[in-house]
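Each chain, written out:
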Amino acid sequence: MKLRGVVVVEDGVPSRISQGWIRAPALEPVANRPILEHVLDALQLAGVEEVLVVTPAGLASGICERLNPRDDVAIRYLEQNAPIDLAAAIRLTAPFVGDAPCIVHRAAGLLDEPLARFITRLRDAPDMLLIVHQASSPDEHLSPATQDMLHLAEFNADHALGMAGVWLFGPGAMPIVGSSPWPIAGDVDLTRLGGRISAAGGAFHVELAESWRQYRGRPLELLELNRIVLDRLDSGGRCPSNNGNRIEGRVWIHETASVHSSVIVGPTVIGPGARIADAYIGPYTSIGERARVEGAEVERSIISPGASVMHVGGRLVASVVGRDARVFRDFSLPRALRLRVGDGTEVALC
């Protein structure tokens, strides 16, 4: 029986539609590709051949346009007018999954390890596999009642545990949980879900993952996802050894990018049409399409498409520079800080 996948693009997180361009958390680029594409990569590597992407109304066409064509996974879309959360997604997709085993995956997050280990564990018997991780923020902590129900005390974790955004269902399990009388809106009640599985004569198992990271609008979350993806980087791209460059580690440079007189330390990815000159690009950095970095040092950062970092006079670390943004040093007098900072933007001056 073929393994199927369900990817949930949820409501309740910021999204923006501007001049026909759709920007939702699942479409934010890490390592120069949307988070959702990396989710599809993870499902494909786990053996999934068919994926149903559940989206709020009006987003499916924009998501389809932003994703690169794929031959390895068949992708279908299901739009829903009502708010999309995990409970609604499971109810909607249960008929599509049927009795097949299934992975349900949130669209804007990734596990810090391949899914293969959990697939193997699911085959050992349980009807449902829940994955927990050491929570990075208080809003991820599971309630005491849920922790007791899941018997999480046996993990002896150093930090509070949270629920990862990946759930695995064995053959025949999805219709059981899909018929559960959950509320119309709101997240899944794990106590009720576990009870439903048990009442049907099934069993569920809990596994501890290394970490789960999900983008909810915070730059540090995006940087963590960038790190996860770059740790898996295959440096099969062009790595120029001339033009006065020094390349160290796993570095992927698009064939149309220009790199001169620079030090590039991996894992790093440099996108099409990017221009790097007299620069240092440190580990865990993604340079987007048409971005420019000249006379500057950048490390553990995301430089988005069309952005430029020019002669800033210091090293840019753990930073996210948005699309078409400019960061540069102004040599005009009188000397001063001249900032144009939008709503919700964070600027740290060191």
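Quick caveat: nothing in here was measured; it's all calculated off a predicted structure. (Residues numbered from 1 in each chain as written. Predicted model: local features only at pLDDT ≥ 70, side-chain atom pairs only at ≥ 80, totals over all residues. Heavy atoms only, no water.)

Engineer: Give a detailed account of the sheet that holds strand S23 (residues 297–299), specifying residues and quantitative values.
Structural biologist: The five strands are arranged S14-S17-S20-S23-S26 in an open sheet whose pairing can be described as parallel. Looking at which strands have only one partner, the edges of the open sheet turn out to be strand S14 (246–248) and strand S26 (315–317). As paired strands, strand S17 (residues 263–265) and strand S20 (residues 280–281) are joined by two bridges and run parallel to one another. Pairing of Ile264 across the sheet is with Ile281, part of S20. (Pairing = 2+ DSSP bridges. Helix = DSSP H or I, 4+ residues; strand = E, 2+ residues; numbered from the N terminus.)

Engineer: Can you explain the sheet that holds strand S19 (residues 275–277)? Please cite residues and give values.
Structural biologist: Within the open sheet, the five strands sit side by side as S16-S19-S22-S25-S28. Their pairing is parallel. Every interior strand has two partners, whereas the edge strands, strand S16 (258–260) and strand S28 (326–328), have only one. Between one strand axis and the next, the sheet turns by 5 degrees as a mean value, whatever way the strands run. By the bridge criterion, three bridges tie strand S22 (residues 292–294) to strand S25 (residues 308–310) in an arrangement that is parallel. Within S25, the position partnered with Arg292 by the bridge is Ser308. (Axes fitted to C-alpha atoms, helices over the stretch in contact; angles between N-to-C directions.)

Engineer: Could you give an account of the packing of aromatic side chains, with specific residues and numbers?
Structural biologist: Evaluated as defined, the whole model comprises zero aromatic pairs. Positioned over the ring face of Phe96 is Arg4, at 4.9 Å from the centre of the ring. For Arg326, the ring lying beneath its charged end belongs to Phe328, and the centroid distance is 4.4 Å. (Phe/Tyr/Trp six-rings, centres within 6.5 Å; stacked < 30°, edge-to-face > 60°. Lys NZ or Arg CZ within 6 Å of the ring centre and 35° of its normal.)

Engineer: Talk me through the pairing of strand S10 (residues 128–134); I want residue IDs and the actual numbers.
Structural biologist: The side chains of a regular strand alternate between the sheet's two faces. With respect to burial, S10 is a largely interior element, six of its seven residues being buried. With six bridges connecting them, S10 and strand S11 (residues 161–169) associate as antiparallel partners. In the strand pairing of S11, Leu130 is matched with Trp167. Here five bridges tie S10 to strand S12 (residues 204–208), and the two strands are oriented parallel to one another. (Buried < 20%, exposed > 50% of the residue type's maximum accessible area, 1.4 Å probe, protein only.)

Engineer: Hey, could you go over the side chain of Asp112 for me, with residue numbers and the actual values?
Structural biologist: Mapping Asp112 onto the fold places it in the loop between strand S9 (109–111) and helix H4 (116–122). Judged by its relative accessible area of 19%, Asp112 is buried. One polar contact links Asp112 to Arg227, side chain to side chain, over a distance of 3.2 Å. With near-sequence residues (within four places) excluded, Asp112 lies in contact with Glu210, Ser211, Arg227, Ile228 and Arg232. (Polar contact = N/O pair within 3.5 Å; in protein donor to acceptor, adjacent residues only side chain to side chain. Contact = heavy atoms within 4.5 Å.)

Engineer: So, the environment of Ala209: which residues are in play, and what are the values?
Structural biologist: By the element assignment, Ala209 lies in the loop between S12 and strand S13 (212–214). A C-alpha to C-alpha distance of 8.0 Å links Ala209 and Gln134, two positions 75 residues apart in sequence. Sequence-distant contacts of Ala209, that is, excluding residues within four places in its chain, are made with Leu111, Glu113, Arg117, Phe118, Ile131, Val132 and His133.

Engineer: Quick one: what's the story with a nonpolar patch on the surface, residue by residue and with numbers?
Structural biologist: A contiguous nonpolar patch, built from Leu337, Leu339, Val347 and Leu349 and spanning about 420 Å² of accessible area, is present on the exposed surface. Take Leu349: it is sitting in the segment after S28. (Patch = residues over 30% accessible without salt bridge, like charges linked within 9 Å, V, L, I, M, F, W, Y side chains within 5 Å. Areas by Shrake-Rupley, 256 points an atom, 1.4 Å probe, with all protein chains shown as cover. Salt bridge = Lys/Arg side-chain N within 4 Å of Asp/Glu carboxyl O.)

Engineer: For the confidence of the model for the protein chain, give the residues involved together with the corresponding values.
Structural biologist: Per-residue pLDDT for the protein chain averages 84, and the proportion of residues at 70 or more is 87%. At the low end of the mean pLDDT range in the protein chain sits strand S2 (residues 16–18), at 40; at the high end sits strand S21 (residues 285–287), at 98. Residue range residues 15–22 is modelled with pLDDT below 50. Its contacts to residues more than four positions away, or to other chains, number 14 contacts. (pLDDT = per-residue confidence, 0-100.)

Engineer: An account of helix H8 (residues 219–230) is requested, with residue identities and associated values reported.
Structural biologist: Residues that lie three or four places apart on an α-helix share one face, since the helix turns once every 3.6 residues. Compared with the 16 Å implied by 1.5 Å per residue over 12 residues, the 16 Å span of H8 between its first and last C-alpha is a close match. Listed in full, the buried residues belonging to H8 are Glu221, Leu222, Leu223, Leu225, Asn226, Ile228, Val229 and Leu230. (Expected span 1.5 Å × (residues − 1).)

Engineer: Before we move on, could you go through the nonpolar core and cite the residues and values that matter?
Structural biologist: Judged by nonpolar contacts, the single largest core of 46 residues is most densely connected at Val7, Ile103, Leu111, Leu115 and Leu168. For this core, the secondary structure elements donating two or more residues are helix H1 (35–45), strand S6 (50–56), S9, H4, S10, S11 and H8. The contacts of Ile103, once residues within four sequence positions are left out, are Leu3, Arg4, Gly5, Val6, Leu43, Ala46, Val48, Leu115, Ile119, Val166, Trp167 and Leu168. Membership of the second largest hydrophobic core comes to 29 residues, among which are Phe96, Met149, Leu150 and Trp167. (Core = buried A, V, L, I, M, F, W, Y, C linked by side-chain atoms within 4.5 Å.)

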